Structures are given as structure tokens and as C-alpha cells.
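Residue-level structural notes
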Amino acid sequence: MWLATTERPAWTNRLAAPHVLWMSPGGLRDFGPAPGWRPLAGARGAQAPAASDWHTNFDAWCQAHAGRSCKLVLSAWLLHELMLDKNLPLTDDTARLAYARNLLRHYHGEPAVHWPLAAWQAAGRHGVSALHATTLGALQTSAHRAGVLLRSVRPWWSLALAVALQQAPRLARADLGRLLVVDGTLVTQIDLARGQLTRLQQRQLPEPTQAALRATQQEQAEAYTCALGHGMQDEPPANDDSLRCLGSMQGRSPAALWCAPEPANRAFNA
Amino acid sequence: MKHRLPRPDFLQPEARPGVLAWAWCATGLLVLAVAGLDARSAWVDQQASARQWAVAARPASPQPPASGDRIAAEKRAQEARRWLQRLAHPWADAWLAGELAGQAVQGRLAWLNLEHDLTGQLRLAGWADDAASAQAAAAALRRQMNDGVPSWAAVRVASVERSNEGQRFEIVAQRAGAAP
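Quick summary incoming for the structure in this document.

Definitions and limits used
- Residues numbered from 1 in each chain as written.
- Chains lettered and ligands numbered in written order.
- Predicted model: local features only at pLDDT ≥ 70, side-chain atom pairs only at ≥ 80, totals over all residues.
- Heavy atoms only, no water.
- Phe/Tyr/Trp six-rings, centres within 6.5 Å; stacked < 30°, edge-to-face > 60°.
- Helix = DSSP H or I, 4+ residues; strand = E, 2+ residues; numbered from the N terminus.
- Lys NZ or Arg CZ within 6 Å of the ring centre and 35° of its normal.
- Patch = residues over 30% accessible without salt bridge, like charges linked within 9 Å, V, L, I, M, F, W, Y side chains within 5 Å.
- Areas by Shrake-Rupley, 256 points an atom, 1.4 Å probe, with all protein chains shown as cover.
- Salt bridge = Lys/Arg side-chain N within 4 Å of Asp/Glu carboxyl O.
- Buried < 20%, exposed > 50% of the residue type's maximum accessible area, 1.4 Å probe, protein only.
- Contact = heavy atoms within 4.5 Å.
- Buried area = accessible area lost by both parts, 1.4 Å probe.
- Polar contact = N/O pair within 3.5 Å; in protein donor to acceptor, adjacent residues only side chain to side chain.
- Nonpolar A, V, L, I, M, F, W, Y, C, P; charged D, E, K, R; others polar.
- Core = buried A, V, L, I, M, F, W, Y, C linked by side-chain atoms within 4.5 Å.
- Expected span 1.5 Å × (residues − 1).

1. A word on the packing of aromatic side chains
Tallying each qualifying case throughout the model produces five aromatic pairs over all chains. Each ring, one from A:Trp120 and one from A:Trp157, has its centre 5.2 Å from the other, and the planes form 70°; the classification is edge-to-face. Of this pair, A:Trp120 sits in strand S6 (residues 117-122) while A:Trp157 sits in helix H5 (residues 156-167); the two residues are 37 residues apart in sequence, bridging distant segments of the chain. Both rings, one in B:Trp111 and one in B:Phe169, keep their centres 6.1 Å apart while their planes meet at 65°; by these two values the pair is edge-to-face. Note that B:Trp111 is positioned in strand S1 (residues 109-116) and B:Phe169 in strand S6 (residues 166-175), a separation of 58 residues in sequence. When the ring centre of B:Trp83 is taken as reference, the NZ or CZ atom of B:Arg86 above it lies at 4.8 Å.

Laid out in C-alpha cells, this is it:
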């Protein structure tokens, strides 16, 4: 009954699940409709056939999927991360964003004035992510031109953190935990203390190898470390307990942006 | 345990309470307002019903006289005197009257009725064989003394009914002494 996307009525496209798009300097990958509850069970079988494929940029995707809604997940290459000191007398998010913008302008010059910023908080610590690769206006323009609704634009590390906590619950319980979100040579390191976020910073590896990754851990405090991501050149060593790799770290993009839903009859398996 | 995870979103750079939070707040305030109105109307109803109950209950119970009221005190004294008089009424004389009158009569005498009340009048109804027995009973009553003073005054045989088996008579007497 449902024909190509362009022939569906506009409201069904709008109500359909938003596509999750991975955006990086090398291109944009469509991971398909976001998982979740569907009001119309029958619609799932008749979704657009291309579950995940590559596009050159966001504009290209919008032209191909006019009238849909989407959620953008940004690679660390597009962002600068800033963590605000605990003792700063900043009362609300507006003040924090202003302070962050000042700081970024100090380090990166005038272009930083126009970067979109997003404030986040976790366990009493506050931080700011800055998108330096593009502006929201450009994204919104491409989306608007194709009738695409942009629902959220989030950095990848926030989703990766949720995925890692689901796949390695020990990370949430350990006194000192660490998650390395690997994106080629750029690693976003998230430190956790009993599941609460304590530090977030971006590190550069000299080369995208497992050895280089492990070398960065040498001079830091002992912690239960997990790593997930992509862009590595080699496989992790087999018997390494110091660093647990969640999934393959090779590839051009993350393997998955969310944990696959568990089958319903898992409880009955022995 | 679910930890609060950071969710930065460039489309919503500053965290602010969503529409749902405001909707919850409005709903909660609405519920409180309705509950307050309900409580107020219940309070008013309760006051009205309490008033009604007080009005209905008032005539059933007698009002005690207010203390410090001079006229009421006099009335109470009068009442007490009256009751004392009543308690001092000599009932024993009335019971004795029947006994003595019966003993004084020869022949058959059966008492049918004795009436005596606080006014002092005594009626004795009896059954005797002949008229002489009735007269003898009356005479015995006249002779009844209480500390040397006759107990009964104006003793007379009030009515006599003759039948073939005897006669029914009545003796009427008045208590001698204080008027009621």
C-alpha cells in the first residue's frame, strides 16, 4: 500500500520514526529509524528499504528523504568539548554558555563567536559542547529546503556513554571508570566515579592503533576502562584485561548508535 | 540504578523545564484548588448541621437554673420543704388502720380495698356479715391513737350494700392533723 517515500501523505512521514544520522567530516551515515515504540505496528514492515547507507553530507540526505524527520549524531571531529570548573560562580545555563563562548573565543579566535553551543550537566558537573564544523543555520536551511524536520543534534559521546553503560554495567559500579570513545585518532575520554561523570576531555592519538590507545592510559590513574568506537587500524590483543573493547573498533563509522533491543523471550532461556 | 546522563542538544542549548513539567504543575495546582473549595463547602455544611442539631436538642433537656439567681434559690427552698413534708407523711397509720379495725370485729370481716393518698383521705372497703361489724370497724378507727392524739377524724361509714351473703361497706376517714 505504501509506495515510495515521496508519495506518502506528509503527516505519515512526519509521524514516522526519525532517522538517526551519523555526521562526520567524511560523510553522513543513515542508521535508519530510531528504535522505540511505534503507534502503528504495520508501518514497520513497510519502511524505506535502505536501512543504513552513506551520503556525502546532510544536504544530500535531506534531498533523498524529503519530508522525514531526523536526529543528528555528531562525531567528535566536529566538536570542541569544554568542562567547567566546579567552583565557578555561574548560576544558570545562560551564564555558562556566555562564559564558554568567551573562553572559546580566547582560544580559537573570532569564528568561535558563531559556533552553536550546548550546555550539559551530570552529577553536579557542567560542561559545554561547541560545534565548530558548521552552524545550526546551515543545517536548518538544508532541512527546511527539503521539508525535513530536525529533531535533535547531539554529540556522539552522550549516546556512546549510554550504550557503554548498558553493555558494561560494571562501568557504572566501579569506583573509577573510564570510557574511551574512539573516532580514529581523536579520543573522547569520559571519567566516571561510581557512575557519576567527573571528567570529559578530548585527546589526540599519534596513530590510530591499539598500542597508542593503551599508551595514553599509562600515565593516568588506574581505572576500569572500556573503549568503543571506530577508525582503528588493528584489532585489540586477545588477552588484555586492562582495557575492554565493546565491539569492533575498525570501520568508517560506529557499528551501532544504540543497543539492539533484546529478544522478548530472553527470560525463558536457560 | 539509573544515573543521570548528560544530554547535550544543540537545538536546545539550555536546559529548561519542559511543557510536561508545566502541565504537571498546573494540574497539581488545579487539584489543590478543587480540594480547597471542597473542604470549604464541607466546613460550611458541617457548621449548618451543627447549628441545626443544637436547636433540635435544646427543648429535650431542661435548663439548669443559673447559679447566683435569687428567685430560683427561693423556689428551690420551697420545693425542698414540700418534699420534706411528703416524706414525713405517716403511711404507717394507714396500714395500721386496717389491722386494728379488723382485730376489733367479731365475726367475719374481709378487707377488699384500701385507698390512701397524700391528701389524707382514707377509704377502706370491706365485706362483713352484718351492719354491726361495719360500725365496730369504724369505732376502732376512731379509737386509733398516735401518741395520745386520734389519727383519724371524720370517720364514718360511707356506703353499705346489702346482699344475701353479707354486706359490703366502705369507711371514709380523713387524716387528723396537717392539711395537705
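2. Description of a nonpolar patch on the surface
Residues and elements named next belong to chain B. On the surface, a nonpolar cluster with roughly 380 Å² of combined accessible area is contributed by Trp91, Trp95, Leu114 and Leu118. Examined against the element boundaries, Leu114 turns out to sit in strand S1. Taking the relative accessible area as the measure of exposure, Leu114 reaches 32% and is therefore partly exposed.

3. Considering the interface of chain B and chain A
Each side of the interface is counted separately: chain B has twelve residues, and chain A has 33 residues. Taken together, the two surfaces of chain B and chain A that pack against each other cover about 1800 Å², and 64% of this comes from carbon and sulfur. When the area that chain B buries against chain A is broken down by residue, the three leading residues are B:Pro6, B:Pro8 and B:Phe10, summing to 41%. At the junction of chain B with chain A, the criterion picks out zero salt bridges. Our enumeration of links across chain B and chain A arrives at four residue pairs in polar contact (both at pLDDT 80 or more). For the side of chain B that touches chain A, a count of residues per class yields seven nonpolar, one polar and four charged.

4. A closer look at the nonpolar core
All names here are of chain A. Core analysis: the largest hydrophobic core is formed by 31 residues, its most contacted members being Trp156, Leu171, Leu179, Val181, Ile190, Leu197 and Leu228. At the level of secondary structure, the elements contributing two or more residues to this core comprise strand S1 (19-24), S6, H5, helix H6 (170-173), strand S9 (177-183), strand S10 (186-193), strand S11 (196-204) and strand S12 (224-230). In terms of residues, this core owes the most to one element, H5, which gives eight residues. Leu171 has contacts with Ala164, Leu165, Gly177, Arg178, Leu179, Leu192, Gly195, Tyr224 and Cys226, leaving out every residue within four places of it along the chain.

5. Describing H5(A)
Residue and element names in this part refer to chain A. Under the 1.5 Å per step criterion, the end-to-end length of H5 is 16 Å for twelve residues, consistent within 8% with the ideal 16 Å. With nine of its twelve residues buried, H5 lies for the most part within the structure. For H5, every residue scored as buried is listed here: Trp156, Trp157, Ser158, Leu159, Ala160, Leu161, Val163, Ala164 and Leu165.

6. Some thoughts on the side chain of B:His89
Residues and elements named next belong to chain B. Tracing the backbone shows His89 in the loop between helix H2 (70-87) and helix H3 (91-104). Of the residues examined, His89 reaches a relative accessible area of 9% and is grouped as buried. Engagement of the side chain of His89 in a polar contact is seen with the side chain of His116, the distance being 3.2 Å. For His89, the residues in contact, after removing those within four places along its chain, are His116, Asp117, Leu118 and Arg175.

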